[in-house]
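Each chain, letter by letter, is given below.
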Amino acid sequence: MIVAVASGKGGTGKTTVTASLATVWDGPLVAVDLDVEEPNLHLFLQPAISGSQTAHMPVPLVDESRCTYCGACSDLCQFKAISVMGQLVLTFPEMCHGCGGCLAVCPEKALSPGQRELGEISWGRVGQVVFLSGRLRIGEAMSPPLMRRVKAKLEQMLPANGGDAIIDAPPGVSCPAVNAVIDSDVVLLVTEPTPFGFYDFQLAWEAFSPLGKPLAAVINRAGLGHDAVYRFCREKGLPILAEIPYDRSIAEAYARGRIITEVSAGLRENFISLRDKLRDLARPGPSGKAVHA
Amino acid sequence: MREIIIISGKGGTGKTSLTGAFAHLAGGQIICDLDVDAPDLHLLLKPSRERQEEFYSGHEAKIDPGKCDGCGVCASLCQFGAIREKGSGYAVDLLRCEGCKVCVAFCPAEAIGFPEKHCGQWYISATRFGPLVHAQLFPGAENSGRLVMVLKQQARELAKAQGADLVLCDGAPGIGCPVISSLSGAHLAVAVTEPTPSGRHDLERVAELCGHFQIPLAVIINKYDLNPEETSRIAGFCRGRSYPVAGRLPHDLSVTEAMVQGLVVTELPETAFSLGLKRAWSRIRELAGLGCQGQAAASL
């Protein structure tokens, strides 16, 4: 089972929920930080890192001796990453999406794959939990290419017969967030019952419900704000699997880098129950078909 | 005309609540919400839309099942895993399609269309604090530095036309494409952080990003009293890098109260939080080279 923890609004508690679930997991688990722009999971899980690699993406390299300046590459490129002007061919590697179109279309075979550094992938372990994380290079604009490489690494790490993973997704509801949840079995939306939290929660519901995966909510800072999110969940039939009360002592414990399941036995119970409900949600439906696409 | 962008790295540190209050304090300047993915500023400013435009960006591949002969060239070329077998042919998974046109160009049956992608809408609205330039990407659409650039361009033109001396922008979390676009041409970035391990870690990355693009940076430490030691560490980091700390604001539930009422916190009775926020705003004005506060805000 792969659980993606997503949110819409940032700062609602995705990393707290991911780390807390990891501490109460009752079997082998890979905890994955796919918020590659601002990865924080390691700050709470504090894993011992055992390996890392730099991730790259192919970008075109031009062999000027073969180029006839026909312009087929720049005609095809949708991202203005390669341009032919007279007897000059220019590449803009930071614009390249790595589609390989220019390499495939060049009639003179004048292009070969070079590399753009995307960032770093690292992995390790904390107790029984395997840790995996991506970290975007500062200045790199695109996070999905690095996320795809982290997910490929996850696929290698998970046993062939499945295995469990929890993904800490980036905030928002656009391409990076969709990329983080698209290969999961269950999407867990963490929100707070404030106007901002609720507005972004509705966006998240709109973005993720068409994926056809089971969706569920965790309400963090319950007691703050208003009750609109509860009403919305009832209307949409979206189960609320856990609530974390608003409590200044929880905020302070978080501020000190503590995982909240270690703060109180009650919170730990909350997350054990959340874990079990997630398993129920991911079980094959009544049709007998596995939920995982 | 000066352009100030409020960012944070980490989400949920208070960017939008602070931007709303700054818009109130600035009075009558141009306001711009550059978090086009999950915009929230409108929830405080209650804009009335005066102009609405559709936003198209890039294209997406669509296979005509009637023309597809199932050869699979498209699937073998697609670097994004966006082409899946469907029936006797293939179909494009639009959530994975990057709009690169490779499948379109190489399909021997010419079965793949390439329509423009409708990604969202942008608006110019009136608010009680001045004009707001904002947008909404359709949920699940490609997050777009391009849309951020459109909004900035509109905000600049509006500022010029109205003789405003400030464009105040609310940014997105993270350090990727939309944040990079929102930094371009800014005179000052203000990073709102919080004294938590994530807050400090993400501040360091967003500060490095500003350095990379040579944008001056000031810092506000929000909820500073949640962890005084971490607040000191952040202040030390800022001192070491010569980032001015424009303010330290206490953890205060009046921010949420204001939000629930659709107000900004400086519209509620004064608290230690709103007082600190006003001081922070004067400091930011100075740092952005805006000089003394004008008439509009003096009457507040």
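Residues numbered from 1 in each chain as written. Chains lettered and ligands numbered in written order. Predicted model: local features only at pLDDT ≥ 70, side-chain atom pairs only at ≥ 80, totals over all residues.

Right, let's talk about the overall build of chain A for a bit. Scanning chain A from N- to C-terminus turns up 10 helices and 11 strands. Expressed as lengths along the three principal axes of its C-alpha atoms, the size of chain A is roughly 70 × 45 × 40 Å. Buried residues in chain A amount to 52% of all 293 residues. Nonlocal contacts in chain A, meaning residues at least 24 apart in sequence, comprise 73% of its contacts between residues at least 6 apart. (Helix = DSSP H or I, 4+ residues; strand = E, 2+ residues; numbered from the N terminus. Buried ≥ 20, exposed ≤ 12 C-beta atoms within 10 Å, placed from the backbone. Contact = placed C-beta atoms within 7 Å.)

Within chain B one finds 11 helices and 13 strands. A total of 300 residues make up chain B; the buried ones form 55% of that total. Considering only contacts within chain B whose residues lie at least 6 apart along the sequence, 76% involve residues at least 24 apart.

Now for unusual backbone geometry. Positioned with a positive phi, Lys80 of chain A is a non-glycine residue whose angle comes to about 55 degrees. With a phi close to 50 degrees, Glu110 of chain B is a non-glycine residue in the positive phi region. In this structure, Glu110 of chain B sits in the loop between α4 (102–106) and β7 (112–113). Classification of Glu110 of chain B as exposed rests on a count of 10 C-beta atoms within 10 Å.

For the rest of this paragraph, the subject is the interface of chain B and chain A. Between chain B and chain A, the contact holds 52 residues from the first and 51 residues from the second. Those elements giving two or more residues to the side of chain B that touches chain A turn out to be β3 (48–59), α4, α6 (177–183), α7 (197–212) and α9 (254–260) of chain B. Ranked by the residues each element gives to the side of chain B that touches chain A, the list is headed by α7 of chain B, at 8 residues. Taken together, the residues of the side of chain B that touches chain A break down into 21 nonpolar, 21 polar and 10 charged. (Nonpolar A, V, L, I, M, F, W, Y, C, P; charged D, E, K, R; others polar.)

What follows covers the pairing of strand β6 (residues 111–126) of chain A. Residues and elements named next belong to chain A. Inspection of the sheet shows strand β3 (residues 48–62) paired to β6 by 14 bridges, in the antiparallel sense. Bridged to Val59 within β6 is Gly114. Here 8 bridges tie β6 to strand β7 (residues 129–136), and the two strands are oriented antiparallel to one another. Opposite Ser122, over in β7, you have Ser133 as the bridge partner. Hairpin connection of β6 to β7: 2 residues between the antiparallel strands, including Gly127 at a positive phi of 60 degrees. (Pairing = 2+ DSSP bridges.)

On to the sheet that holds strand β8 (residues 116–127) of chain B, then. Residue and element names in this part refer to chain B. Reading across the sheet, the 9 strands line up as β3-β8-β9-β2-β10-β1-β11-β12-β13 and stay open at both edges, with mixed pairing between neighbours. In this open sheet, the two edge strands, each paired with only one partner strand, are β3 and β13 (245–249). For this sheet the average axis-to-axis angle between neighbouring strands, irrespective of direction, equals 20 degrees. By the bridge criterion, 4 bridges tie strand β2 (residues 30–33) to strand β10 (residues 166–170) in an arrangement that is parallel. (Axes fitted to C-alpha atoms, helices over the stretch in contact; angles between N-to-C directions.)

With that settled, consider the sheet that holds strand β10 (residues 215–222) of chain A. In any sheet, the strands associate via hydrogen bonds between backbone groups, in a parallel or an antiparallel arrangement. Residue and element names in this part refer to chain A. The strand order across the open sheet formed by 9 strands is β3-β6-β7-β2-β8-β1-β9-β10-β11, and the pairing between neighbours is mixed. Of all strands in the sheet, those with a lone pairing partner are β3 and β11 (240–245), marking the two edges. On average, each strand axis in the sheet is inclined to that of its neighbour by 20 degrees, with strand direction left out of account. Packing of helix α1 (residues 14–24) onto the sheet brings it into contact with β1 (2–6), β2 (29–33), β7, β8 (164–168), β9 (186–191) and β10, and relative to β8 it is tilted by some 160 degrees.

Attention now moves to the packing of helix α7 (residues 195–208) of chain A against helix α8 (residues 228–236) of chain A. All names here are of chain A. Contact geometry for α7 and α8: axes closest at 9 Å, N-to-C directions at 20 degrees. With respect to α8, the element α7 is oriented roughly parallel. Along this stretch, α7 crosses α8, giving a crossing that reads as right-handed. Judged by residue contacts, Gly197, Phe198, Phe201, Gln202 and Trp205 of α7 engage Ala228, Val229, Phe232 and Lys236 from α8. (Parallel < 35°, antiparallel > 145°, perpendicular 65-115°, else oblique. Left-handed = near helix turned anticlockwise from the far one by under 90°.)

Residues and elements named next belong to chain A. Close contact between α1 and helix α10 (residues 265–282) brings their axes to 9 Å; oriented N to C, the two are set at 85 degrees. Comparing their axes, α10 and α1 come out roughly perpendicular. Contact residues: α1 offers Ser20, Leu21 and Val24, while α10 offers Arg268, Phe271, Ile272, Leu274 and Arg275. Considering only residue class, the contact of α1 with α10 consists of 5 nonpolar, 1 polar and 2 charged.

Moving on to the confidence of the model for chain B. Reading fine detail from the predicted coordinates is not recommended where pLDDT is low. Residue and element names in this part refer to chain B. Here chain B shows a mean pLDDT of 95. Residues at 70 or above account for 97%. Below a pLDDT of 50 lies the segment residues 294–300, which in the model reaches 7 contacts outside its immediate sequence neighbourhood of four places, other chains included. Listed scores for the predicted complex are pTM 0.95 and ipTM 0.94. (pLDDT = per-residue confidence, 0-100.)

Domain boundaries in chain A define domain 1 (2–51 + 118–282) and domain 2 (60–115). For domain 1 of chain A and domain 2 of chain A, the distance between their C-alpha centres works out to 39 Å. (Domains from an automatic or database assignment.)

Attention now goes to the nonpolar core. Ala4, Ala6 and Ile167 of chain A together with Val190 of chain B are the most contacted members of the largest nonpolar core, which totals 171 residues. In terms of residue count, the dominant contributor to this core is α7 of chain A (9 residues). For Ile167 of chain A, the contacting residues outside a window of four places in its chain are Ile2, Val3, Ala4, Val5, Val32, Leu34, Ala180 and Ser184 of chain A. Counting residues in each nonpolar core, the second largest holds 18 residues, with Ala61, Cys68, Cys78 and Val92 of chain B among its members. (Core = buried A, V, L, I, M, F, W, Y, C linked by C-beta atoms within 7 Å.)

It is worth spelling out the confidence of the model for chain A at this point. Residue-level pLDDT values for chain A average 94, and 97% of them are 70 or greater. Below a pLDDT of 50 lies the segment residues 287–293 of chain A, which in the model reaches 9 contacts outside its immediate sequence neighbourhood of four places, other chains included.

With that out of the way, let us pick up α10 of chain A. Residues and elements named next belong to chain A. In this model, α10 (18 residues) spans 26 Å end to end at C-alpha, consistent with the 26 Å of a helix rising 1.5 Å per residue. Those residues of α10 not exposed but buried are Leu267, Asn270, Phe271, Leu274, Arg275, Leu278 and Leu281. On an axial view of α10, the arc spanned by its buried residues comes to 140 degrees, and they lie on one face. In α10, the exposed residues that point more than 90 degrees away from the buried face are Ala265, Gly266, Glu269 and Asp280. Residues of α10 that are buried in the fold lie against β1, α1, β9, β10 and β11. (Expected span 1.5 Å × (residues − 1). Arc of directions from axis to C-beta.)

Attention shifts here to the pairing of β2 of chain B. All names here are of chain B. Both faces of β2 are covered, namely the face carrying Ile30 and Cys32 and the face carrying Ile31 and Asp33. By the bridge criterion, 2 bridges tie β2 to strand β9 (residues 130–137) in an arrangement that is parallel. Its bridge partner lying in β9, Cys32 is registered against Val133.

Turning to the environment of Ala155 of chain B, a few remarks are in order. Residue and element names in this part refer to chain B. Locating Ala155 in the fold gives a position in helix α5 (residues 145–162). Look at Ala155 and you get buried, because 27 C-beta atoms sit within 10 Å. Spatially, the C-alpha atoms of Ala155 and Val260 are 28 Å apart, while their sequence positions differ by 105 residues. Those residues in contact with Ala155, other than ones at most four positions away along the chain, are Ile30, Cys32, Val133 and Val167.

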